[in-house]
Amino acid sequence: MKLTKRKGFNFFRSYYDVYNELETPEEKVLFLDALFDRQFLGIKPDLPKGMAKFAYISQTNSIDSQVKGYEDKLKSINKAVPNFDPW
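> Before we move on, can you summarise a nonpolar patch on the surface with the specific residues and values?
Together, Phe11, Tyr16 and Phe36 make up a nonpolar patch on the protein surface, roughly 290 Å² of accessible area in all. Mapped onto the elements, Phe11 comes out in the segment before α1 (13-21).

What follows is the structure, encoded as C-alpha cells:
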C-alpha cells in the first residue's frame, strides 16, 4: 500500500471526460494511477508513449495547480509545526 497524508483532491469533470475517451482498460488504469500518484504522493509520472500519456498531459495544468496549492498550504503549516512531513 502506498501511504499518504493527503486526505483528498478535487476530481474535475475534465478528468472524467478524458478518462472516458480512453479505449482500453490498460490506458484507463495508467491514467488514473498517474493522476493518483501525482495528487497523493507528489510523484510526476513517467508514462510510456500513448493515449494515457496524452490524456495525462492534457490535464497537467489543473493537476499541477492542485498539487501546488496543497504544497503551498503545507509550507505554511510547516513553518508553525516542527518536523512536519507532508507526504
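> Quick rundown of the pattern of salt bridges? Include the residues and the values.
Where charged atoms of side chains with opposite charge meet at close range, the side chains can pair. On inspection of all chains with the given rule, the structure shows four salt bridges. Of the charged contacts, one joins Arg13 and Asp17 as a salt bridge, the two residues approaching to 2.7 Å between their closest N and O atoms. Of this pair, Arg13 and Asp17 both sit in helix α1, four residues apart, roughly one helical turn. Arg13 sits in the exposed class, given a relative accessible area of 60%. Using a relative accessible area of 34% as the deciding quantity, one classes Asp17 as partly exposed. Of the charged contacts, one joins Asp72 and Lys68 as a salt bridge, the two residues approaching to 2.7 Å between their closest N and O atoms. Highlighted residues: Asp72 and Lys68, both in helix α4 (residues 60-80), separated by four residues, approximately one helical turn. Given a relative accessible area of 34%, Asp72 falls into the partly exposed group.

> Which residues make up the nonpolar core, and what values do they have?
Judged by nonpolar contacts, Phe9, Tyr15, Val18, Leu22, Phe31, Leu32, Ala34, Leu35, Leu47, Ala55, Tyr56 and Ile63 together constitute the single largest core of twelve residues. For this core, the secondary-structure elements that each account for two or more residues are α1, α2 (25-41) and α3 (51-58). In terms of residue count, the dominant contributor to this core is α2 (four residues). Not counting residues up to four positions away in its chain, the partners in contact with Tyr15 are Phe9, Asn10, Phe31, Leu35, Gln39, Gln59, Ser62, Ile63 and Gln66.

Cut-off values and rules
Residues numbered from 1 in each chain as written. Predicted model: local features only at pLDDT ≥ 70, side-chain atom pairs only at ≥ 80, totals over all residues. Heavy atoms only, no water. Patch = residues over 30% accessible without salt bridge, like charges linked within 9 Å, V, L, I, M, F, W, Y side chains within 5 Å. Areas by Shrake-Rupley, 256 points an atom, 1.4 Å probe, with all protein chains shown as cover. Salt bridge = Lys/Arg side-chain N within 4 Å of Asp/Glu carboxyl O. Helix = DSSP H or I, 4+ residues; strand = E, 2+ residues; numbered from the N terminus. Buried < 20%, exposed > 50% of the residue type's maximum accessible area, 1.4 Å probe, protein only. Core = buried A, V, L, I, M, F, W, Y, C linked by side-chain atoms within 4.5 Å. Contact = heavy atoms within 4.5 Å.

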